[in-house]
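Geometric and topological summary
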Amino acid sequence: MSNASFFSNHDTIVAVATAAGKGAIAVIRLSGLQAVQIANSVFKGKDLRTQASHTIHFGTIRDGARLVDEVLVSLFLAPHSYTKENVVEISCHGSDYIVQEIIKLLLKNGARLAQAGEFTKRAFLNGQFDLAQAEAVADLIAADSSKSHEVALKQMRGGFSAEIKALRAQLIHFASLIELELDFGEEDVEFADRSALENLIHELQRLIRNLLQSFALGNVIKNGVPTVIVGKPNAGKSTLLNVLLNEEKAIVSDVPGTTRDFIEDETSIEGISFRFIDTAGLRETQDKVEAIGVERSRQKIEEAALIIYLFDVNELTPADLALELQSLNSNGKPVLAVANKVDLASNLNQAAYEAVTPILFIAAADKTGIELLKEKLISTVNQGNLNTGSSTIVTNLRHYTSLEQTYQALDAVLQGLSTGISGDFLAADIRRALYALGEITGDITTDDLLENIFSKFCIGK
Ligand code: GDP
């Protein structure tokens, strides 16, 4: 389906574009054919209808004779605006009351309230950017670390889309050659060089595999690395959590088992966001409240991508440590063993512990060894499964699913090639791959798909 079929919306929409609450200013945005006329009907100052695009005008908003606010109005005339429609932005004082009053006035004068994501949806439908770029707008707004910002920005500026479009263009070339063969019907012609097609598909699959693998890292960059800290009561878990978060969040106490529930918070280390989860530990317990905590700890280990096993080096022998690590049941997730309270240890036999597993020695209370621990956290994320052969990183589950479908369709093409299947079957499998790739950038769209994507945006975006 082409984008053109969605140009049904001639309404002028309005929403506040800034966050709710008291700020110095708030921005109300109007978009649509009537945006300038509607703004002009509540604005006292220059006649906005005769002003040039990309100009700003001081004036007042009035409800009849009543003065509502002094404002600045910015004009962006079609097609030189975010939505490619006429856009008016009213910067008013940042009171929710004023914002509501102005929006009510605009509604009375012919605007309607924007739906979630409608500004960005219009921008997409009017060809401002493709679907993957539109989605990146939401990611950019949500970005809370330098890495997530970098990835969203690259996607919004079209880096990801360019890669997908290049893949698609090569495939379209072959699809058209094969379809040309079909036009010749009975005649036994082959325009599409089968071995070149096979090579192309192997190359496409390699690229797609890299993109699929990048999703693990992409997910981590976007949502943070869930990292659970486990260990016996009094090992120093809360103290370590506080140090990592640089603030007093968890309750630190000398009474074993004080961290009854888990405490969760996020911090950014070298641009990667870590979600640290402190737990009540895994000790078998008679205490009912704590028993619930222990059960939750098990759940948190399930959810974690990375586990820090923290122990008091003065309380646990190397042999005990080996047993504890065995019973941890980490499901193959990376476990960092961290020995705490080295400040209290005299004659510490580091080698005996290191014979069990690689160990980091720290004293959480006086921050000894914390920098090394942070480095280790980063290198664990960058290594192994999370590593990616692609400079483009997939962060979006929808894109991941489409890439998987493309990969499977390409598998079918390969199989068809190896069994010398007829051209029309080959063409059908190639088209299936093209369809899945096209869904990523929005070359192929359906109402459901758009609804699904833009309804997740907030109103005003
Ligand atoms: P949790 O039960 O594992 O959360 O342990 P806490 O963080 O509550 O710490 C238990 C006790 O050990 C507290 O009194 C902390 O001050 C103390 N503690 C934590 N880390 C260290 C450390 O590195 N050195 C010393 N000497 N004491 C520590």
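Residues numbered from 1 in each chain as written. Predicted model: local features only at pLDDT ≥ 70, side-chain atom pairs only at ≥ 80, totals over all residues.

The name an unreviewed UniProt entry gives the protein is tRNA modification GTPase MnmE, with Adhaeribacter radiodurans as the organism. According to the UniProt record, the Subcellular location (unreviewed entry) comment for the protein is "Cytoplasm". Quoted verbatim from the Sequence similarities (unreviewed entry) heading of the UniProt record, the comment on the protein is "Belongs to the TRAFAC class TrmE-Era-EngA-EngB-Septin-like GTPase superfamily. TrmE GTPase family." (UniProt positions renumbered as here; feature names shortened; annotations may be inferred.)

Another point: the overall build of the protein. Scanning the protein from N- to C-terminus turns up 15 helices and 13 strands. In the protein, 63% of the contacts between residues at least 6 apart in sequence involve partners at least 24 apart. (Helix = DSSP H or I, 4+ residues; strand = E, 2+ residues; numbered from the N terminus. Contact = placed C-beta atoms within 7 Å.)

Turning next to the packing of helix H5 (residues 146-156) against helix H7 (residues 194-223). In contact at an axis separation of 8 Å, H5 and H7 are set at 120 degrees when each is read in the N-to-C sense. Judged by the twist between their axes, the crossing of H5 over H7 is left-handed. In this structure, H5 contributes Lys-147, Ser-148 and Val-151 to the contact, and H7 contributes Gly-218, Ile-221 and Lys-222. (Axes fitted to C-alpha atoms, helices over the stretch in contact; angles between N-to-C directions. Left-handed = near helix turned anticlockwise from the far one by under 90°.)

This brings us to the sheet that holds strand S7 (residues 112-113). What the 7 strands build is an open sheet, ordered S3-S4-S5-S6-S2-S1-S7; its pairing is mixed. Single-partner strands in this sheet number two, and they are strand S3 (43-44) and S7. As judged from the 2 bridges shared by strand S1 (residues 13-16) and S7, these two strands associate in the parallel manner. By the bridge assignment, Ile-13 is partnered in S7 with Arg-112. The sheet contacts of helix H1 (residues 35-42) involve strand S2 (23-31), S3, strand S4 (55-63), strand S5 (66-76) and strand S6 (87-94), and relative to S6 the element is tilted by about 35 degrees. (Pairing = 2+ DSSP bridges.)

Further remarks concern the packing of helix H13 (residues 397-418) against helix H14 (residues 423-441). The contact between H13 and H14 brings their axes to 8 Å, and the two run at 165 degrees. Classified by the angle their axes make, H13 and H14 are roughly antiparallel. In the crossing of H13 with H14, the sense of the turn from one axis to the other is left-handed. Every residue of H14 that contacts H13 at His-399, Ser-402, Gln-405, Thr-406, Ala-409, Leu-410, Ala-412, Val-413 and Gly-416 is listed here: Phe-425, Leu-426, Asp-429, Ile-430, Arg-432, Ala-433, Ala-436, Leu-437, Glu-439 and Ile-440. For the contact of H13 with H14, the per-class residue count stands at 11 nonpolar, 5 polar and 3 charged. (Parallel < 35°, antiparallel > 145°, perpendicular 65-115°, else oblique. Nonpolar A, V, L, I, M, F, W, Y, C, P; charged D, E, K, R; others polar.)

The terminal C-alpha atoms of helix H4 (residues 131-142) lie 17 Å apart, and with 12 residues this matches the ideal 16 Å at 1.5 Å per residue to within 8%. Taken together, the buried positions of H4 are Leu-131, Ala-132, Gln-133, Ala-134, Glu-135, Ala-136, Val-137 and Ala-138. Buried residues along H4 sit against helix H3 (118-125), H5, helix H6 (159-183), H13, H14 and helix H15 (447-454). (Expected span 1.5 Å × (residues − 1). Buried ≥ 20, exposed ≤ 12 C-beta atoms within 10 Å, placed from the backbone.)

So, on to the UniProt feature "binding site: Mg(2+)" (unreviewed entry) in the protein. In the numbering used here, UniProt assigns the "binding site: Mg(2+)" (unreviewed entry) feature to Ser-238 and Thr-259. As for its placement among the helices and strands, Ser-238 is situated in helix H8 (residues 237-245).

Relative to S6, S2 is paired through 8 bridges, and the arrangement is antiparallel. By the bridge assignment, Ser-31 is partnered in S6 with Val-87. The pairing of S5 with S6 spans 5 bridges and is classified as antiparallel. If you follow Val-73 over to S6, its bridge partner there is Ile-90.

We now examine the nonpolar core. Leu-30, Ala-39, Val-88, Ile-229, Ile-430 and Ala-433 are the most contacted members of the largest nonpolar core, which totals 111 residues. Looking at this core element by element, the count peaks at 9 residues for H7. Residue contacts for Val-88: discarding those within four places in its chain leaves Leu-30, Ala-35, Val-36, Ala-39, Val-73 and Leu-75. (Core = buried A, V, L, I, M, F, W, Y, C linked by C-beta atoms within 7 Å.)

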